[in-house]
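# Analysis of the macromolecular model
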Amino acid sequence: MTELNTTDMIGTSIKGRLYGLGIGPGDPELLTLKAHRILTSVPVIAYPTMENGKVLARAIVADFIRPHQIEVPMPLPFSVERSSQPYYDIGAETIAQHLAAGRDVAVLCEGEPMLYGSFMYIFNRLAGRFDTEVIPGISSTFASAAMLGAPLTYRNDVLSIMPATLDESTLHDRLIGVDAAVIIKLGRHFAKVRRVLETLGLFSRALYIERATMPNQRIRPIAEVDPAEVPYWALILIPSQTRPQ
Ligand SMILES: C[S@@+](CC[C@H](N)C(=O)[O-])C[C@H]1O[C@@H](n2cnc3c(N)ncnc32)[C@H](O)[C@@H]1O
């Protein structure tokens, strides 16, 4: 047990290892074997929680967490108007204390950790101080293409991934001439994105999905989506127009 083993034979302090664990888009069966092995063997598991109480990452892997494992919830502000920096500072410091005491820590990250992942903020604070390993996960982008049955890119197609939080004119500029695109962080930005897609003639190609691979996944014709009901865990996918045989 690493907890008892914090110094080696010559008295050097042995630090724990930091893992950034990609846990996939929602279906626990989409966890990789490697993520599962690390998740079930580390003494400490950390994960972001929203101020509104939503804890998606933990919920995805809840069945695999053992009672003896130490849990470190990291509260993040729900409102984008409030800076997340101080929250990540506090979370990183708590994790650093476990690592310094010789305990390995797995930080859960929904989807792929290095793609708009919350883990990157912990990585930027701690990877220089502690041995760190990032375990890739299945991104919601790719899981959604699978769930929608929508081939994303062929041959020379270019895929663009962008957040709906961009302002309207930037979104417009970024979507001009796209071969294929994925627009994430939808929530209250849906109406703005819809206007841009209509202006650019992309609306008829756009596909909408909520909570891909989760038990409450919803796929709806985009024209029927009520902007007031779009959750944060939703995205729009514009698949390639190419249809090679
Ligand atoms: C901060 S980004 C994190 C992306 C994540 N690292 C990934 O690789 O999927 C959060 C956004 O990803 C999208 N997202 C994540 N999981 C999703 C899911 N299961 N279904 C649909 N969209 C999802 C939503 O657009 C959400 O607003």
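Overview of the structure. All values derive from a computational prediction rather than experimental measurement.

## Section: the overall build of the protein
Within the protein one finds 7 helices and 10 strands. Counting all 245 residues of the protein, 36% fall into the buried class. Here the analysis covers contacts within the protein between residues at least 6 apart in sequence; of these, 73% occur between residues at least 24 apart.

## A word on the nonpolar core
Core analysis: the largest hydrophobic core is formed by 31 residues, its most contacted members being Leu21, Ile23, Ile95, Val105, Ala106, Val107 and Leu108. Breaking this core down by element, the ones donating at least two residues are strand E1 (18–22), helix H1 (33–41), strand E2 (44–50), helix H2 (56–61), helix H3 (85–100), strand E4 (105–109), helix H4 (119–126) and strand E5 (132–135). Apart from residues lying up to four places away in sequence, Leu108 is in contact with Leu21, Ile23, Ile45, Tyr47, Ala57, Arg58 and Val61.

## A word on the environment of Arg195
Position of Arg195 relative to the elements: it lies in helix H7 (residues 190–199). Sequence spacing of Arg195 and Thr40 is 155 residues, and the spatial spacing of their C-alpha atoms is 45 Å.

## A look at the site of the ligand
Close to the ligand lie 24 residues, the nearest being Gly111, Ser139, Ser140, Ile184 and Ala212. The greatest single-element share of the shell around the ligand, amounting to 3 residues, is contributed by helix H5 (residues 140–148). In the shell around the ligand, the residues fall into 12 nonpolar, 8 polar and 4 charged. A domain-level breakdown of the shell around the ligand finds at least three residues from each of domain 1 (2–135) and domain 2 (140–238).

## Details of the environment of Asp63
Following the sequence through the fold, Asp63 ends up in the loop between H2 and strand E3 (70–76). Since 7 C-beta atoms lie within 10 Å of it, Asp63 is described here as exposed.

## Focus: unusual backbone geometry
The phi angle at Tyr116 is positive, at roughly 50 degrees, despite the residue not being glycine. For Tyr116, the position within the fold is in the loop between E4 and H4. Judged by C-beta crowding, with 18 C-beta atoms within 10 Å, Tyr116 ranks as partly exposed. In this model, Thr213 sits at a positive phi of 70 degrees, which is unusual for a non-glycine residue. On the basis of neighbour counts, which here come to 20 C-beta atoms within 10 Å, the residue Thr213 falls in the buried class.

Cut-offs used in this document
- Residues numbered from 1 in each chain as written.
- Predicted model: local features only at pLDDT ≥ 70, side-chain atom pairs only at ≥ 80, totals over all residues.
- Helix = DSSP H or I, 4+ residues; strand = E, 2+ residues; numbered from the N terminus.
- Buried ≥ 20, exposed ≤ 12 C-beta atoms within 10 Å, placed from the backbone.
- Contact = placed C-beta atoms within 7 Å.
- Core = buried A, V, L, I, M, F, W, Y, C linked by C-beta atoms within 7 Å.
- Near = placed C-beta within 6 Å.
- Nonpolar A, V, L, I, M, F, W, Y, C, P; charged D, E, K, R; others polar.
- Domains from an automatic or database assignment.

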